[in-house]
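# A structural walkthrough
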2 protein chains.
Amino acid sequence: MDEIDRKIVIAVQQDGAAGLADLAKVSGLSVSATAERLKRLEERGVVRGWHAELDPAEVGCPLLAFLRVAIRPGKEDIAFRRLIRKLETVLECHQLTGEWSYLVKLRLPDIAALETLMAEEIRPLAGMERISVEIAMATVKETALLPVIRAPEEEEA
Amino acid sequence: MDEIDRKIVIAVQQDGAAGLADLAKVSGLSVSATAERLKRLEERGVVRGWHAELDPAEVGCPLLAFLRVAIRPGKEDIAFRRLIRKLETVLECHQLTGEWSYLVKLRLPDIAALETLMAEEIRPLAGMERISVEIAMATVKETALLPVIRAPEEEEA
DNA sequence: TCTGAAAGCCAGAGTCC
DNA sequence: GGACTCTGGCTTTCAGA
């Protein structure tokens, strides 16, 4: 992960439709060398995949909501995680420090869908101690573009 | 946005590297018809862009943190939003219902970087009423893949 | 690990059905 | 919308350094 890899990775993250010819200009190397580096970055898992970014509203999920969940550890916790992974309206679920167990990010068509999800899937779960629902009224920023940090010591092969 | 568009959109979201030949198989149409539909979906903004997905840890941002911010409305609020949009370690910022103004999602190299950010950028802001910092200890799920909902009535051209 | 060239593939435009 | 064609540009691969 040297400076050239970093340039390539930043470029493909911003524009995944860029061809090798474009990337070669960015990296300063030849097309074939750029292609080899990109292939290695994919093999090493630095580049995980390629995706089209969709407009949430256009795709029928204008509603953004967050759940805070406190759940008893153990068997109930396992069941909760299994459910979370199954539900495609759940985009993210992280276990956080603090008194709440989980933060859950949801994308849904409308409030009715949210209420249905809560009533039929979430609330019936055993071991739920507290649930809080918050709705996004506005989004100041929402990007999947990661900052690519230059780590001084990790100039590996 | 009919059933065929939906198939195309789901396919390119999952695999943005798929060629038109693959997409044609998915859609059931010819290659040229599939290409036209995809082009229209991009023009209409349903497909917003193309990106490579990176591994956060590999890119030097293993630490995931969330901020809760309560800020006085008005001039201070504007300044806060401007800062948020500028910082590339801030991936998301949403205004939520409830007593906290904002939920902020951060990706950072380590705790030291988080503390630096808080001390130098966030806390000095005027009008800050409350700030809470939470760190992700584990991630159960994290995807950018939106659910593509079939909206019964919006069968437009 | 890079360069450069050669070979093969795919997307894009045009036409007709 | 489908099928066909052609062309340009791009990706891929390989020899050579």
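Here is a short report on the structure shown in this document. These numbers come from a predicted model, not from an experiment.

The subject of this paragraph is the overall build of chain A. Regarding its fold elements, chain A presents five helices and five strands. Starting at the N terminus, the α and β elements of chain A follow one another as α-α-α-β-β-α-β-β-α-β. In terms of overall dimensions, chain A is more spread out than a globule: its C-alpha atoms have a radius of gyration of 21 Å, far above the 15 Å expected for 157 residues. Relative to its 157 residues, chain A shows a buried fraction of 46%. With an accessible surface of roughly 7600 Å², chain A has 53% of that area assigned to carbon and sulfur atoms. In chain A, 21 side chains carry a positive charge and 27 a negative one; their mean positions are 4 Å apart.

Moving on to the protein's contact with DNA strand D. All residues adjacent to DNA strand D are Gly 19, Leu 20, Ala 21, Val 31 and Ser 32 of chain A together with Leu 29, Ser 30, Ser 32, Ala 33, Arg 37 and Arg 40 of chain B. For DNA strand D, the fraction of protein-proximal atoms (within 4 Å) that sit in sugar or phosphate groups is 84%. Within the side chain of Ser 30 of chain B, an N or O atom sits 3.0 Å from a phosphate oxygen of DNA strand D. Going through the elements one at a time, helix H2 (20-27) and helix H3 (31-43) of chain A together with helix H3 (31-43) of chain B are the ones with two or more residues in the surface near DNA strand D. Ranked by residue count, the leading element in the surface near DNA strand D is H3 of chain B, at four residues. Class assignment for the residues of the surface near DNA strand D results in five nonpolar, four polar and two charged.

Note on the identical chains: chain A maps onto chain B by a rotation of 180 degrees and an axial translation of 0.0 Å, with an RMSD of 0.1 Å. Taken together, the turn and the small shift mark the pair as related by a two-fold rotation axis. Within chain A, the C-alpha atom positioned nearest to the axis of rotation is that of His 51 of chain A, 2.8 Å from it. Both copies share a contact surface, since 98% of the interface residues of chain A are interface residues in chain B too.

Along the chain, the position of Ala 21 of chain B falls in helix H2 (residues 20-27). Put simply, Ala 21 of chain B and Leu 108 of chain B are 87 residues apart on the chain and 40 Å apart in space, counted from C-alpha to C-alpha.

A separate point is the protein's contact with DNA strand C. Close to DNA strand C lie Leu 29, Ser 30, Ser 32, Ala 33, Glu 36, Arg 37 and Arg 40 of chain A together with Gly 19 and Leu 20 of chain B, which account for all nearby residues. Backbone sugar and phosphate groups make up 64% of those atoms of DNA strand C lying within 4 Å of the protein. Note that a phosphate oxygen of DNA strand C is positioned 3.5 Å from one of the side-chain N or O atoms of Arg 40 of chain A. Interatomic distance of 2.9 Å between a backbone N/O atom of Leu 20 of chain B and a phosphate oxygen of DNA strand C. At five residues, H3 of chain A tops the list of elements feeding residues into the surface near DNA strand C. Here the residues of the surface near DNA strand C are counted per class, giving three nonpolar, three polar and three charged.

So, about the sheet that holds strand E5 (residues 128-142) of chain B. The strands making up a sheet associate through backbone hydrogen bonding, with each pair oriented either parallel or antiparallel. The strand order around the closed barrel formed by eight strands is E2(A)-E4(A)-E3(A)-E5(B)-E2(B)-E4(B)-E3(B)-E5(A), and the pairing between neighbours is antiparallel. Taking the axes of each pair of neighbouring strands and ignoring which way they run, one obtains an average angle of 35 degrees across the sheet. Where strand E3 (residues 90-96) of chain A lies against E5 of chain B, five bridges are found, and the strand directions are antiparallel. Bridging from a neighbouring strand, Leu 96 of chain A pairs with Ala 136 of chain B of E5 of chain B.

All names here are of chain B. Between helix H1 (residues 3-14) and H2, the shortest axis-to-axis distance is 9 Å and the interhelical angle comes to 135 degrees. When the axis of H1 is compared with that of H2, the two are oblique. Along this stretch, H1 crosses H2, giving a crossing that reads as right-handed. In contact with Ile 4, Lys 7, Ile 8, Ala 11 and Val 12 of H1, H2 contributes Leu 23, Val 26 and Ser 27. Classifying every residue of the contact of H1 with H2 gives six nonpolar, one polar and one charged.

Our next topic: the environment of Leu 114 of chain A. All names here are of chain A. Here Leu 114 lies in helix H5 (residues 111-122). A residue is classified by how much of its surface remains accessible, and Leu 114, at 5% relative accessible area, is buried. A C-alpha to C-alpha distance of 49 Å links Leu 114 and Ala 33, two positions 81 residues apart in sequence. Here Leu 114 is in contact with Leu 63, Ala 65, Leu 106, Leu 108, Val 133 and Ile 135, once residues within four sequence places are set aside.

All names here are of chain A. Counting buried positions along strand E4 (residues 102-108) yields seven of seven residues, so the element is predominantly enclosed. On E4, burial covers both faces: Tyr 102, Val 104, Leu 106 and Leu 108 on one face and Leu 103, Lys 105 and Arg 107 on the other are all buried. In terms of strand pairing, strand E2 (residues 63-71) meets E4 through seven bridges, oriented antiparallel. Looking at E4, one finds that Leu 64 is bridged to Arg 107.

What follows deals with the packing of aromatic side chains. All names here are of chain A. For the structure shown, the criterion picks out two aromatic pairs over all chains. With a centroid separation of 4.9 Å and an interplanar angle of 35 degrees, the aromatic rings of Phe 80 and Tyr 102 are classed as tilted. Here the residue Phe 80 occupies a position in helix H4 (residues 75-86), and Tyr 102 occupies one in strand E4, the gap between them amounting to 22 residues. Cation over ring: Arg 130 sits above Trp 100, and NZ or CZ is 4.2 Å from the ring centre.

Rules used in this analysis
- The numbering scheme is per chain: residues are counted from 1 as the chain's sequence reads.
- Written order decides the labels, with chains lettered from A and ligands numbered from 1.
- A pLDDT threshold of at least 70 governs which residues receive local features in this predicted model, and a stricter bar of 80 or more applies before side-chain atom pairs are shown or counted, although totals over entire chains, interfaces and linings include all residues.
- Derived side-chain values reflect all non-hydrogen atoms in the structure, with water molecules and hydrogen atoms excluded from consideration.
- A helix here means a DSSP run of H or I that spans at least four residues, while a strand means a run of E at least two residues long, and both kinds are numbered starting from the N terminus.
- Radius of gyration: over C-alpha atoms. The globule rule applied is 2.2 Å multiplied by the number of residues raised to the 0.38 power.
- Each residue gets one of three labels from its accessible area relative to the maximum for its type: buried under 20%, exposed over 50%, partly exposed in between, using a 1.4 Å probe on protein chains only.
- Here the open area of atoms and residues is found with the Shrake-Rupley method and a 1.4 Å probe, where only the protein chains shown may cover a residue.
- Positive charges come from Lys and Arg, negative ones from Asp and Glu, while His and the chain ends are left out of the count.
- In plain terms, the charge of a residue is placed at NZ if it is Lys, CZ if Arg, CG if Asp and CD if Glu.
- Any residue with a non-hydrogen atom lying within 4 Å of a molecule or strand is treated as near it.
- For the purposes of these results, a polar contact is taken to be a pair of N or O atoms within 3.5 Å, where, inside protein, one atom must be able to donate a hydrogen and its partner to accept one; residues adjacent in sequence count only when each atom of the pair is a side-chain atom.
- Under the convention adopted here, Pro, Cys and the residues Ala, Val, Leu, Ile, Met, Phe, Trp and Tyr are nonpolar, Asp, Glu, Lys and Arg are charged, and Gly plus all remaining residues are polar.
- Each copy is superposed on the other by least squares, with the fit set by C-alpha atoms of residues at a pLDDT of at least 70 in both.
- Residues count as neighbours in contact if any of their non-hydrogen atoms are within 4.5 Å of one another.
- In short, DSSP must find at least two bridges between two strands for them to pair.
- Fitted lines through C-alpha atoms serve as axes, helices being fitted only where they are in contact, and the angles separating the N-to-C directions of these axes extend from 0 to 180 degrees.
- We call two directions roughly parallel when the angle between them is under 35 degrees, roughly antiparallel when it is over 145, roughly perpendicular when it lies between 65 and 115, and oblique otherwise.
- The handedness criterion is simple: a crossing whose near helix is rotated anticlockwise from the far helix by less than a right angle is left-handed, and one whose near helix is rotated clockwise is right-handed.
- Working definition: rings of Phe, Tyr and Trp (its six-membered ring) pair if their centres are within 6.5 Å, and the pair is stacked with planes under 30 degrees apart, edge-to-face with planes over 60 apart, and tilted otherwise.
- Either the NZ atom of lysine or the CZ atom of arginine qualifies as a charge over a ring when it sits within 6 Å of the ring centre and within 35 degrees of the ring normal.

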